[in-house]
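Letter by letter, the chains look like this.
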Amino acid sequence: MSTTYTIPVGPVHVGLKEPITAWLELEGERIVNARVRPGAIHRGIEFMARERNPIQVIYLSERICGICSFSHVICFIRAVEDLAQMNVPVRGQYIRSLVLELERVHSHLLWSGVACYTIGFDSAFHLGMQMRERVMDVLELLSGNRVNYGVATFGGVRWDVTPELEKALRGMVRYYRQEFTPFREIVMEDPVAQARMRNVGVLTRDEAVRYSAVGPTARASGLRIDLRKSSPYEAYADFDVEPVVPQDYFGEAHGDVLDRFAVRVLEVYQSLDIIEKILDGLPEGPFVEEANLNKVMASLKKADGTGWGIIEAPRGDDTHIVSLKGGVDNVLWWKVRAPTYANAVSWPIMFRGNELADAPLIINSIDPCISCMERMLVTDEREYRSEVVTRSELVKRSRQKTFELGSLKSKYVPGGGAEQ
Amino acid sequence: MTSKFKKMAVDCETLVAALKAKFADDIVRLDVREHRGGSLNEVQSRDLWIEISRTAFRPFLDFLFEYDFVDFHVISGDDVGIADAVQTQTQSQAQDQNPDGQNQEKPQEDSVLLHYHFSLFQRSRCGRMGVTLSVRVPKGDLSVPSIFDLLPGSEYSEREMHEMLGVEFVGLPNSALVFLPEDWNEEIKPWRRDGVGPALEALRELS
């Protein structure tokens, strides 16, 4: 006898502007269908921008996301620079790319740590969190802030790379090269972690294309796309960036959580290489075209038209479209498409056929912010009974599954997937 | 399910020529923007900005799908009202002299302008071409064909444009609210600049 439960997971505050509730239909523990409803804290940021001038919107766009704040700023600024035909000095381009890569390292380290926490691998979680501190220290040295850096402006950046910062950056690269490999090996070669992540939350290559998946989620499904290669912006024009795809490392792409983990972890090494190249090739010269904001504002007031900014943020491509009207101070309209907006469309496919205890891991695997996931409501349609399952209980379920697997470790055949 | 994508990659000039040859009467505006960067300041990518008449919108997209990997990003849009007619004046005058033209643009009409953002040719270095396809939808008949059947990934964007601007997407299976609260009055479309938009007294200043 089967009973179907419908379980809303969320609202999940994904850390961007998309908090998402997932309604999971269950047969026993197995998810048979899923529907997704975002919108629990849509803040209307795009509407708010209509009351602000472009310079004020830089700081508004920085507050879309707490982790990839700089990506949104650069994306917004590039959209305005596109429509107003503004130039950025080469040194400014290099510093922008530098901060974008630091942000990628920060974001991927945070994510891989939290993914370990979700499956109950606490020692790896602490290790990940500890390593993340180093890149945050460097960002703080650059800008004075750990999260919203306030570094970028129209036509360049606001802070320069000092010799002191360069020393700290080179030290950071050395530190990660040394410390990150043990972390990667501890997690990716652990049979229990492999069993929890392999063949869980699968998104095939075709589905990734049709459902417009982006970034590491698309690459984990085997799609060789990366905007840093296909349309190099800022300093990426001077470096060859190859998309990191699992088939180059595992022989084939499964499109599962382990592949998403692998792509992000390997991209950290790639980012370290890019940071080093940026430091080696950092050109001399000005880092901003026009530092006087009154002059910038006056030229933006004359600008008229629509601009498009698109960059490869840590979670995938981030798209901003901005429209300005000549003679008007404020932004006419602005559209932000954060990567999760695109990736969340494929959630229902990833959920199908997995267990309830895998749901937190799958939600997490596209890199939203699971720590804000508040509660779940379990509804038994037959008995008209409903109960609220708290976030901690949900995470407990996910962690419990790993511990049960751990006790079966001797029976686990490596490479055999998550068969219990 | 197999994807519908073909592997035909061409350069910008060839694509523009092909589009102009096929949709000469329907293209209202076509611009190419170049993006330069790096120490040599060379062209790193190109964006194509095309405005197309509403009747040719779906045939145009089907034609675009003949090319390599049409990647959908988002739909943006604005309530342009009737003030935005200046840009297309020349085009409309040209069409006035040609009364047989089936796809006559009426820029004077109160309308919503939608922009569909796609990428093409992402396989090679510097190969990507951004395509922004704009279509003007008059408020009298605020509907466009949905592209959900081509790319289901467009679902959220179409639902968002439906709830924010009131555009009907014909063929979209689920056009329920996506970002607005469950108890939102669906007669109010937040991004509209006319009577359908939120009233001033409904706005709350937070700072």
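Residues numbered from 1 in each chain as written. Chains lettered and ligands numbered in written order. Predicted model: local features only at pLDDT ≥ 70, side-chain atom pairs only at ≥ 80, totals over all residues. Heavy atoms only, no water.

**With respect to the environment of A:C68**
Convention followed: Comment: elements are numbered from the N terminus, with helices defined as DSSP H or I runs of at least four residues and strands as E runs of at least two.
Mapped onto the elements, A:C68 comes out in the loop between helix 2 (54-61) and helix 3 (69-84). The sequence separation of A:C68 and A:M48 amounts to 20 residues, and the corresponding C-alpha distance is 20 Å.

**Looking at the confidence of the model for chain B**
Residue and element names in this part refer to chain B. Where we set the bar: Each residue gets a pLDDT score, which is the predictor's confidence in that residue and runs from 0 to 100.
Of the residues in chain B, 82% have a pLDDT of 70 or more, and the chain-wide mean is 80. When pLDDT is averaged over each element of chain B, strand 6 (residues 143-145) comes out on top at 92 and helix 3 (residues 89-96) at the bottom at 45. Scored by ipTM, the complex comes to 0.83, with pTM at 0.84.

**Structural notes on the packing of helix 6 (residues 163-188) of chain A against helix 12 (residues 257-281) of chain A**
All names here are of chain A. Applied cut-off: Axis definition: a line fitted to C-alpha atoms, limited for helices to the stretch in contact. Angles are taken between N-to-C directions and run from 0 to 180 degrees. Roughly parallel means an angle under 35 degrees; roughly antiparallel, over 145; roughly perpendicular, 65 to 115; everything else is oblique. Crossing chirality is assigned from the near helix's rotation relative to the far helix, an anticlockwise turn below a right angle marking it left-handed and a clockwise turn marking it right-handed. Residues are treated as being in contact if the distance between any of their heavy atoms lies within 4.5 Å. Here the nonpolar group is Ala, Val, Leu, Ile, Met, Phe, Trp, Tyr, Cys and Pro; Asp, Glu, Lys and Arg are the charged ones; every other residue, Gly included, is treated as polar.
Running from amino to carboxyl end, helix 6 crosses helix 12 at an angle of 160°, the nearest separation of the two axes being 10 Å. The orientation of helix 6 relative to helix 12 falls into the category roughly antiparallel. With respect to the hand of their crossing, helix 6 and helix 12 are arranged in left-handed fashion. Of helix 12, the residues touching helix 6 (which contributes E166, L169, R170, M172, V173, Y176, R177, F180, T181, R184, V187 and M188) are F261, A262, V265, V268, Y269, L272, D273, I275, E276, L279 and D280. Tallied by class, residues from the contact of helix 6 with helix 12 come to 15 nonpolar, 1 polar and 7 charged.

**Points about the packing of helix 3 of chain A against helix 4 (residues 90-118) of chain A**
All names here are of chain A. Direction vectors running N to C along helix 3 and helix 4 enclose 145°, while the axes themselves pass 9 Å from each other. Between helix 3 and helix 4 lies a crossing of left-handed hand. Of the residues in helix 4, those touching helix 3 at S69, F70, S71, I74, I77, R78 and E81 are R96, V99, L100 and E103. Residues belonging to the contact of helix 3 with helix 4 are distributed by class as follows: 5 nonpolar, 2 polar and 4 charged.

**Description of the pattern of salt bridges**
Going by this rule: The salt bridge criterion pairs a side-chain nitrogen of Lys or Arg with a carboxyl oxygen of Asp or Glu, the two atoms within 4 Å. Summary of the burial criterion: residues with accessible area below 20% of their type's maximum are buried, those above 50% are exposed, and those between are partly exposed, where the area comes from a 1.4 Å probe applied to protein chains only.
Enumeration according to the criterion identifies 44 salt bridges over all chains in this entry. Linking A:R91 and A:D160 is a salt bridge whose minimum nitrogen-to-oxygen distance equals 2.9 Å. Taken together, the residues A:R91 in helix 4 and A:D160 in the loop between strand 5 (156-157) and helix 6 connect sequence positions 69 residues apart. Residue A:R91 is classed as buried on the basis of its relative accessible area of 7%. We note a salt bridge from B:R46 to B:E34, for which the minimum N-O separation is 3.7 Å.

**Observations regarding the environment of A:P283**
Residues and elements named next belong to chain A. Note that P283 resides in the loop between helix 12 and helix 13 (293-302). A relative accessible area of 21% means that P283 is categorised as partly exposed. P283 sits 189 residues away from Y94 along the chain, and the two C-alpha atoms are 8.0 Å apart. Other than its neighbours up to four places away in sequence, P283 contacts V90, R91 and Y94.

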